[in-house]
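One letter stands for each residue in the lines below.
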Amino acid sequence: MDVSVKRRLRLRPVTWSDKSLLEHWDSQPQVIAANPNERWNWQAELGHPTDWCRQYIAEHDGHPIGFVQIIDPAREESGFWGEAVPGLRAIDIWIGEPDQLGKGYGTTMMQLALAHCFAVAEVNAVLVDPLADNRRAHRFYERLGFHFLEQRRMGGDICWIYRLERHEWLG
Ligand SMILES: CC(C)(COP(=O)(O)OP(=O)(O)OC[C@H]1O[C@@H](n2cnc3c(N)ncnc32)[C@H](O)[C@@H]1OP(=O)(O)O)[C@@H](O)C(=O)NCCC(=O)NCCS
């Protein structure tokens, strides 16, 4: 990976002005493939910020290249994560444009997101939920130190749940 990616990439909070960009990214094939049964309602997402959900745009040299969401599964209002215990965080991530995949941006975005998660003292572990057939995402999370926990139905999807404990985090 280009080591300069780490210096050139940052996460900043989403704003209302990101709405059309996020809607555009939602129509990209790699984003649809990772979440084929659900479309995000950005009007609702951006209009109702909550303290259990943090959403970020990743910028490389100031250019938006991807999205990261960190939620507290125990407080998430739809019950998507079922009966989650406190002390966890869950991350969603995608790169917006297909030609920006595989350049190391996602790895750096996850490292920054994990640092955000574990900066909270009571957070013990972080979860991710790629589709069961998203083999490249499985490899991506395994390289970051996540271990496979279980297969679970999440909404309408069959997902593989991965978990990274605080003591396994290489931050
Ligand atoms: C997963 C993802 C965030 C990784 O970011 P990235 O910048 O492409 O990843 P990096 O360059 O840091 O690392 C490369 C690895 O990312 C993964 N990856 C690359 N393209 C991918 C894609 N289209 N879908 C899923 N994973 C992908 C692979 O593991 C790849 O390693 P490989 O080339 O050995 O297969 C990004 O590929 C993506 O947005 N994929 C589509 C959405 C997605 O699958 N999100 C995760 C679902 S929970």
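Residues numbered from 1 in each chain as written. Predicted model: local features only at pLDDT ≥ 70, side-chain atom pairs only at ≥ 80, totals over all residues. Heavy atoms only, no water.

By the naming in an unreviewed UniProt entry, the protein goes by N-acetyltransferase and is assigned to Billgrantia tianxiuensis.

J.: For this particular structure, what's the right way to read helix α5 (residues 105-118)?
T.: Note that an α-helix has 3.6 residues per turn; residues three or four places apart therefore point the same way. The terminal C-alpha atoms of α5 lie 20 Å apart, and with 14 residues this matches the ideal 20 Å at 1.5 Å per residue to within 8%. Turning to α5, its buried residues number three or more, namely Tyr105, Gly106, Thr108, Met109, Met110, Ala113, Leu114, Cys117 and Phe118. (Helix = DSSP H or I, 4+ residues; strand = E, 2+ residues; numbered from the N terminus. Expected span 1.5 Å × (residues − 1). Buried < 20%, exposed > 50% of the residue type's maximum accessible area, 1.4 Å probe, protein only.)

J.: Teacher, can you tell me more about the packing of aromatic side chains here?
T.: Aromatic ring pairs are reported here in terms of the distance separating the ring centres and the angle at which the planes meet. Counted by the stated rule, this structure contains 13 aromatic pairs. Note on Phe80 and Trp81: the rings are 6.0 Å apart at their centroids and 80° apart in plane angle, and the pair reads as edge-to-face. Accessibility expressed as a relative area gives 7% for Trp81, which makes it buried. Note on Tyr141 and Phe146: the rings are 5.6 Å apart at their centroids and 65° apart in plane angle, and the pair reads as edge-to-face. Under the relative-accessibility criterion, Phe146 is labelled buried at 4%. (Phe/Tyr/Trp six-rings, centres within 6.5 Å; stacked < 30°, edge-to-face > 60°.)

J.: Would you explain the site of the ligand in this entry?
T.: In the neighbourhood of the ligand, 20 residues make up the surrounding shell, with Gly104, Thr107, Arg136, Arg139 and Arg143 lying closest. Between the ligand and Arg136 there is a distance of 2.6 Å, counted from an oxygen atom to a backbone nitrogen or oxygen. A distance of 2.6 Å separates an oxygen atom of the ligand from a polar side-chain atom of Arg143. Of all elements in the fold, only α3 (29-34), β4 (88-95), α5 and α6 (135-143) reach the threshold of two or more residues within the shell around the ligand. Per-element accounting of the shell around the ligand gives the leading share, 6 residues, to α6. Per-class residue counts for the shell around the ligand are 10 nonpolar, 6 polar and 4 charged. (Near = heavy atom within 4 Å. Polar contact = N/O pair within 3.5 Å; in protein donor to acceptor, adjacent residues only side chain to side chain. Nonpolar A, V, L, I, M, F, W, Y, C, P; charged D, E, K, R; others polar.)

J.: When you look at the pairing of strand β3 (residues 63-71) in this model, what are you seeing that I'm missing?
T.: Each regular strand displays side chains that alternate between the two surfaces of the sheet. With respect to burial, β3 is a largely interior element, 7 of its 9 residues being buried. Counted along the chain from strand β2 (residues 53-60) to the antiparallel partner β3, the turn is 2 residues long, and its residue Asp61 has a positive phi close to 50°. Pairing of β3 with β4 involves 6 bridges; the strand directions are antiparallel. Looking at β4, one finds that Val68 is bridged to Ile93. (Pairing = 2+ DSSP bridges.)

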